[in-house]
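The lines below spell out each chain.
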Amino acid sequence: MADVSRRENQSQMSFRIRAAWPLMVLALVGSSPGCSPATAKAGVSQDFHKVRSVGDIEEYRLQTNGLTILLARDASAPVVSFNITYRVGSRNEVTGTTGAAHLLEHLMFKGSNQHNKPDGTSLDQYLERVGAGYNASTSPDRTNYYATLGHDHLDGYIAIEADRMRHLWLREEDRSAEMAVVRNEFERGKNDPGTLLWEEVMAATYQASPYHHPTIGWRSDIEQIPIEKIRAFYDTYYWPNNATVIVVGDFETEDVLYTIGKHYGAYPRSPQPIPKIYTEEPEQSGARRVTVKRPGQLGSLMIVHKVPDARNDDHAALTVLDGILGAGKSARLYRALVDTGLALNVWSDTFGLHDSSVHILGAELAPGATHEQVERILLAEVEKIKRDGVTAAEVDRVKQQTLAKEAYRRDGTAGVAAVLSEYTAVGDWTLYRRLPSQIAKVTSADVQRMAKNWLDEDRGTTGWYVPKPNKEIGS
């Protein structure tokens, strides 16, 4: 559920790339007359401050504007994954501008001063020419743009990304066209029981926090937000000091830093400090319930509890708790609800966020099962863990499953870049290294403590999706 929205106009390949950069490159190189690439590279170490190394990942800061760079070399294949993550998402929106981060993500593909379709230099055109691919996505905490391509084409792609950081075309005709695309995404979500129930439960779970708003936005905001407000959003958050560049793959550190400095170094820091989110979700004082009645065949339910932010050490034990409750056919909820014919599917997950996060329990009801029946059994399984704990064998099995799954998620340069982007978004990319070792140390007592501390009825919001025949909805 982390990626609430995603651009869909991908090619058949996983990624795609685009366009050229001649004028931008000339402008930036021309700012240092007589400075050849060789002499410019010699000064790379003066432009970048090496912040730290964690394992094989190095963090640098471009000193002139605060751009953060994460580098992870992997020469196993002649490709590079480049990801730029802006630390802005639906968390940074307010009523009237909900959906702005996602709509802006769409508009980022409409061209910039030096890279656009009329000039034959757009991102799409470049991508098709070099045979690579790209995509972008928006979540509550970040917006990212990324590509995987041959390392010989990286300079051109970085030039395009740098140009659209500060020279994006933002035109009313593009907003109107993309609004229709986003509204279609919104309507598809409203026809999906899982998405609809998730949005309603989150809106009830969070009252003050901007996590109350769906990442795709509310319909009226999607349709009516003026282009001037989108520009203001762009001019507030799309600056080097609010971005992290992630490069994973086959490159030489000095070369890639030189290229990043060449294209991003011309930009200053944001003229105003990046606004901080200071609204805190107040303590919940009792259980909340939501019921959604819409057309459908099968019911479902979801129970959400607030848990600490994703940087908190408890997330390792919460991950193991999730595995014991909901991962695979040996999980407790599966045996209690699916094996008995009461549910078709069950799950337990933790949605780590920059601020207050959520733990989710859910089930899709089998035909004939009732919400009351499934909810009672689901909560009874949680109470068993609070009362009796879990076995060491369960913990060991889930830890092995979790670590194997995490290794698979990080397979390949694109996977590593994507995971680093997610941890950047929640405020600490070093979770990439820390979380697996934390999971390996989780004990049975830790898991029981998670259930006792966080799965408290008074901190929870329960949602029921109740399917209704169409004629009942209209009456």
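Residues numbered from 1 in each chain as written. Predicted model: local features only at pLDDT ≥ 70, side-chain atom pairs only at ≥ 80, totals over all residues. Heavy atoms only, no water.

So, the layout of surface pockets
How we decide: A 1.4 Å probe that fits into a set of points on a 1 Å grid over the protein atoms alone but cannot get out defines a cavity; an open set with protein on both sides within 12 Å along at least five of seven lines defines a pocket, and lining residues are those with an atom within 4 Å of a point. Grid points are joined across faces, edges and corners, and a volume is the space filled by probe spheres set on the points. Helix and strand labels come from DSSP, where a helix needs a run of H or I of at least four residues and a strand needs a run of E of at least two; each type is numbered from the N terminus. Basically, the charged four are Asp, Glu, Lys and Arg, the nonpolar ten are Ala, Val, Leu, Ile, Met, Phe, Trp, Tyr, Cys and Pro, and anything else, Gly included, counts as polar.
Taken as a whole, the largest pocket encloses approximately 1400 Å³ of empty space. Lining the largest pocket are 50 residues, with D349, T350, E406, R409 and Y423 positioned closest to its centre. Every element with two or more residues in the lining of the largest pocket is listed here: β5 (79-86), β7 (143-150), α12 (314-326), β11 (343-351), α15 (392-409), α16 (413-425) and α17 (431-440). It is α16 that provides the largest number of residues to the lining of the largest pocket, a total of eight residues. Here the lining of the largest pocket is composed, by residue class, of 24 nonpolar, 16 polar and 10 charged.

A look at the pattern of salt bridges
Applied cut-off: Any carboxyl oxygen of Asp or Glu within 4 Å of a side-chain nitrogen of Lys or Arg constitutes a salt bridge here. The buried label goes to any residue with under 20% of its type's maximum accessible area, the exposed label to any with over 50%, and the partly exposed label to all in between, with areas taken from a 1.4 Å probe on protein chains only.
All chains considered together, the criterion is met by 32 salt bridges. The closest approach of N and O atoms between R52 and E59, which form a salt bridge, is 2.7 Å. The class for E59 is buried, based on a relative accessible area of 5%. Via salt bridges that share partners, R183, E187, R219 and E223 belong to a single interconnected network.

Description of helix α6 (residues 154-166)
Worth spelling out the cut-off: In this analysis, the expected span of each helix is defined as 1.5 Å times one less than the number of residues it contains.
With 13 residues, α6 should cover 18 Å at 1.5 Å per step; its first-to-last C-alpha distance of 19 Å lies within 8% of that length. Within α6, 13 of the 13 residues are buried, which leaves the element mostly enclosed by the surrounding structure.

Looking at the side chain of D250
Applied cut-off: A positive count includes Lys and Arg, and a negative count includes Asp and Glu. His and the chain ends are not counted in either. Contacts: residue pairs with any heavy atoms within 4.5 Å of one another.
When you line up the elements, D250 lands in the loop between β8 (243-249) and α11 (253-264). Although D250 is buried, it makes no salt bridge; R73 carries the closest opposite charge, 5.3 Å away. If sequence neighbours within four positions are ignored, D250 has contacts with D74, A75, A77, P78, V79, V80 and H151.

Side note on the packing of aromatic side chains
Worth spelling out the cut-off: To pair, rings of Phe, Tyr and Trp, with the six-membered ring standing in for Trp, must have centres within 6.5 Å; the planes then decide the type, stacked if under 30 degrees apart, edge-to-face if over 60, and tilted in the middle. Whether a charge lies above a ring is judged from NZ of Lys or CZ of Arg, which has to be within 6 Å of the ring centre and within 35 degrees of the ring normal.
Scanning the model with the defined rule gives 10 aromatic pairs in all. Summarising the aromatic geometry, the rings of F109 and Y134 are spaced 4.8 Å apart at their centres and angled 20 degrees between planes, so their arrangement reads as stacked. In this pair, F109 is assigned in the loop between α4 (100-107) and α5 (123-130) and Y134 in strand β6 (residues 133-138), connecting sequence segments 25 residues apart. Ring plane angle 65 degrees and centroid distance 5.5 Å describe the contact between Y206 and Y211, whose orientation is recorded as edge-to-face. The class for Y206 is buried, based on a relative accessible area of 0%. Members of the aromatic cluster, each reached through a chain of ring pairs, are Y86, F109, Y134, Y145, Y234 and Y238. Across from the ring centre of W239, 3.8 Å away, lies the NZ or CZ of R166, which sits over that ring.

A few points about the environment of V247
Looking at where V247 falls in the secondary structure, it is placed in strand β8. Spatially, the C-alpha atoms of V247 and T413 are 8.6 Å apart, while their sequence positions differ by 166 residues. Apart from the residues lying within four places of it in its own chain, the contact partners of V247 are L70, L71, A72, V80, S81, F82, L154, V256 and I260.

A closer look at empty space enclosed by the protein
Over the atoms, a rolling probe the size of a water molecule traces out where space has been left empty. Considering all chains together, one arrives at two cavities of 30 Å³ or more under this definition. Approximately 130 Å³ is the volume attributed to the largest cavity. Surrounding the largest cavity, 13 residues form its lining, W198, M202, Y211, H213 and P214 being those nearest its centre. Of the residues forming the lining of the largest cavity, the biggest block, three residues, is contributed by helix α8 (residues 193-205). The residue makeup of the lining of the largest cavity, split by class, is eight nonpolar, four polar and one charged.

Notes on the environment of E383
Structurally, E383 is set in helix α14 (residues 371-388). When its relative accessible area of 40% is taken as the criterion, E383 is described as partly exposed. As a C-alpha pair, E383 and K452 span 69 residues in sequence and 8.6 Å in three-dimensional space.

Some words on the confidence of the model for the chain
Note the threshold: Think of pLDDT as the predictor's per-residue confidence, scored from 0 to 100.
Residues at a pLDDT of 70 or more form 89% of the chain, whose mean pLDDT is 90. Low pLDDT, under 50, characterises residues 1-39; the predicted model gives this stretch 119 contacts beyond four residues in sequence or across chains.

Brief notes about the sheet that holds strand β12 (residues 357-365)
To keep it simple, the criterion reads: We treat two strands as partners when DSSP finds at least two bridges between them. A fitted line through C-alpha atoms serves as each axis, taken over the contacting stretch for helices, and the angle formed by two N-to-C directions is quoted from 0 to 180°.
Here five strands make up an open sheet; going across it, the order is β9-β13-β10-β12-β11 and the pairing mixed. Two strands in the sheet have a free side with no partner beyond their single neighbour: β9 (288-295) and β11. Taking the axes of each pair of neighbouring strands and ignoring which way they run, one obtains an average angle of 15 degrees across the sheet. Where β9 meets strand β13 (residues 460-468), eight bridges bridge the pair, whose relative direction is parallel. Paired with V290 across the two strands is G463, which belongs to β13. Along the sheet face, α14 touches β9, β10 (300-307), β12 and β13 and points at about 35 degrees away from the line of β10.

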